[in-house]
Amino acid sequence: MTKPLSFSAFLMNTVNHNLHGLWREDEGRQRDFNDIDLWISLAKRLDEGGFDAIFFADVVGLYGNHCGGWKYHVEKGLQIPSNDPMVLLSALAVHTKNLGLAFTASPLQEHPFNFARRVSTLDHISKGRIAWNMTTGFLDNAFRNFGYDGMVEHDERYKWLDEYTDVLYKLWEGSWDEGALLKDKESGIYADSDKVHKINHVGERYKVEGPHLVAPSPQRTPVLFQAGSSPTGRDFAARNAEGVFIKAPNPELARKQIEETRRIAIQHGRDGKDLQFYQGLSFVIGDTEEEAQRKAIELENKVDLEMMVAHMAGAAGIDLGNVSMDIPLDDVDSQGMSTFFNWVKQNTPKRTPTVEDLARYHVRTIRVVGTPESIADKLEQWQKAGVDGINVISATIPGSYEEFIDYLMPVLRQRGLARNPDEEQTTFRNKLFGGDRLNKRHPASRYRDAFASKNLV
């Protein structure tokens, strides 16, 4: 029997996330993203509607300049202002029962000792539903905000992330043995000190003595996600991730990326099925194909295409703000966007693609349009390509998710493509993999009992 897909709501605690400018629509309540009631009501709806997780992207800096500067981003709300998703998750944890709670953070933002403490606390609050998207950071302004002269070189950022996660694994998996927490009223002993250990980590960037201040949470280590697409990023994911976020333009390219990453995971001593892959998609649903196509055109006409360009080019540090929308892509210096430019060119074979095509391509390629039945057919194709889950991108909040739950979920359940809403509370890892803790093939597992036996590896 085919395993159901996992569904995650892909969001950001800001006014404009992926499909820009739609906060101006009457139903675009993301303009009120500071209102906690918006997020609580959405999270409860997702929880009851059968979503497996809510996942918050995040940045801690401005995107690269547009039109020669950064004021455009502020004026248009290009992921500024934005709020800290970890703080938000603490509120959502107490208003939901089974929904996985995922957030994004990089080593740039916080020392690993305090980060480990905050994550473990969230895992306790949520009863084991926390997930972390491990990222290196990719915005020059973000590094300048934390005292650097500019962004650290790509592969060096992954070396940094390697040590960062190593410290976290020691704290989460090795500092407290199983059974260390006694709570013995008779003896007055709360924890067995022989089963709690300092980690004494000394590395290139960090010196951390320990012990971890938080007793083991239900998952110990949160569910680990990663979204790197470079060779170095894929290798890191193959070694460390449990979930991998992808944005492939079609199922066949997704298949190639998934198979390659799973092969690398096997080379590192893991099982290919230790990783689950989540494709990012948005949805336009209609009662008929004609209605769905009409709604898709209306929606696309509402998207701010210049903001789409500012987002994509700014992420690569390229300023296309003074470039006309009708300029051919061949006349634009692609620099860090060559792969994306090539995808656009391959999908506009009858004419020379322009900068406008670049913006529209991003809207169209991550979108599935149709009736609930035809959308289910298309999701089956993604599943056959090896995709385990879908990161559902919203146009408006909460409307996009309410429509998904009300119209698409019933059909997906009939096809066996979606789970029924959970009744019994479980950890997020158990929902995805059938166990609360990382399996023995994960590199973090080498720290279990290592400090007790002094067998540090």
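Position numbers for residues count from 1 along each chain, tracking the sequence in the order it is written. Local features in this predicted model are restricted to residues whose pLDDT is 70 or higher, and side-chain atom pairs enter the listing and the counts only when it is 80 or higher, whereas totals over whole chains, interfaces and linings include all residues. The basis for every side-chain value is the complete set of heavy atoms in the structure, and neither hydrogens nor water enter the calculation.

Chemist: Help me out: how do you make sense of helix 8 (residues 251-267) in this one?
Modeler: Working note: α-helix, 3.6 residues per turn, so residues spaced by three or four point in the same direction. A run of H or I in DSSP counts as a helix once it spans at least four residues, and a run of E counts as a strand once it spans at least two, with each numbered from the N terminus. Here the expected span of a helix is defined as 1.5 Å times the quantity of residues minus one. Given a rise of 1.5 Å per residue, 17 residues ought to cover 24 Å, and the 24 Å separating the end C-alpha atoms of helix 8 matches this to within 8%. Listing the buried residues of helix 8 in full gives Ala-254, Gln-257, Ile-258, Thr-261, Arg-262, Ile-264 and Ala-265. Buried residues of helix 8, viewed axially, fall in a sector of 155°; they line one side. Opposite the buried face of helix 8, by more than 90 degrees, sit the exposed residues Ile-266 and Gln-267. Partly exposed residues are those whose accessible area sits between 20% and 50% of the maximum for their type, while under 20% is buried and over 50% is exposed, using a 1.4 Å probe and protein chains only. Relevant arc is that of directions from the helix axis to the C-beta atoms, nothing else.

Chemist: Would you take a moment to explain unusual backbone geometry for this structure?
Modeler: The bulk of non-glycine residues show a negative phi, and the bulk of peptide bonds are trans. Cis rather than trans, the peptide bond between Gly-210 and Pro-211 has omega equal to 5°. Mapped onto the secondary structure, Pro-211 falls in the loop between strand 8 (207-208) and strand 9 (223-226). Of the consecutive residues Ile-397 and Pro-398, the connecting peptide bond is found in the cis state with omega at 5°. Here Pro-398 is to be found in the loop between strand 13 (389-393) and helix 14 (399-414). For Cys-67, which is not glycine, the phi dihedral falls at a positive 55°. By the secondary structure assignment, Cys-67 is in the loop between strand 2 (53-57) and helix 2 (71-76).

Chemist: Sorry, what's going on with the UniProt feature "binding site: FMN" (unreviewed entry) in the chain here?
Modeler: UniProt positions are given in the numbering used here, feature names are shortened, and annotations may be inferred rather than shown by experiment. UniProt annotation of "binding site: FMN" (unreviewed entry) refers to Asp-58, Thr-104, His-154, Tyr-158, Ser-229 and Ser-230 when read in the numbering used here. Residue position: Asp-58 is located in the loop between strand 2 and helix 2. Those residues in contact with Asp-58 that lie beyond four places of it in its chain are Met-12, Asn-83, Pro-85, Thr-104 and Gln-109. Tracing the sequence through the fold places Ser-229 in the loop between strand 9 and helix 7 (231-240). A relative accessible area of 54% means that Ser-229 is categorised as exposed. For this analysis, residues touch if any pair of their heavy atoms sits within 4.5 Å.

Chemist: Hey, could you run me through helix 3 (residues 85-93) in this one?
Modeler: Buried within helix 3 we find Pro-85, Met-86, Leu-88, Leu-89, Leu-92 and Ala-93. Burial along helix 3 is one-sided: seen end-on, the buried residues are contained in an arc of 150°. Residues of helix 3 that are buried in the fold lie against helix 1 (36-49), strand 2, strand 3 (100-105) and helix 4 (112-125). Residue Asp-84 occupies the N-cap position of helix 3, its side-chain oxygen lying 2.9 Å from the main-chain nitrogen of Met-86. Polar contacts, as counted here, are pairs of nitrogen or oxygen atoms within 3.5 Å of one another; within protein the pair requires one atom able to donate a hydrogen and one able to accept it, and residues that are adjacent in sequence qualify only if both atoms are side-chain atoms.

Chemist: Looking at this structure, I do not really get the pattern of salt bridges. What am I missing?
Modeler: Whenever a carboxyl oxygen of Asp or Glu lies within 4 Å of a side-chain nitrogen of Lys or Arg, that contact is scored as a salt bridge. Per the stated rule, a full pass over the model turns up 30 salt bridges. For Asp-235, the salt bridge goes to Arg-239, with nearest N and O atoms at 3.0 Å. Of this pair, Asp-235 and Arg-239 both sit in helix 7, 4 residues apart, which is roughly one turn of the helix. With a relative accessible area of 25%, Asp-235 lands in the partly exposed category. Several salt bridges converge on common partners, so that one network encompasses Glu-300, Glu-356, Arg-360, Arg-364 and Arg-367.

Chemist: Is there a simple way to think about the pairing of strand 1 (residues 6-12) in this case?
Modeler: Within a regular strand, the side chains alternate between the two sheet faces. Buried residues dominate strand 1, accounting for 7 of its 7 residues. Burial of the side chains of strand 1 extends over both faces: Ser-6, Ser-8, Phe-10 and Met-12 are buried on one face and Phe-7, Ala-9 and Leu-11 on the other. The pairing criterion for strands is at least two bridges between them, as found by DSSP. In this sheet, strand 13 lies alongside strand 1 in parallel orientation, the contact comprising 5 bridges. Residue pairing across strands places Ser-8 opposite Asn-391, the latter belonging to strand 13. Strand direction decides the pairing type here: strand 1 and strand 2, joined by 5 bridges, are parallel. From the neighbouring strand, Leu-11 faces strand 2, where its bridge partner is Phe-56. Crossover handedness is defined here as right-handed if the route from the first strand over the helix to the second strand goes clockwise, with the strands pointing away from the viewer. At this point the chain moves from strand 1, through helix 1, to the parallel strand 2, and the crossover so formed is right-handed.

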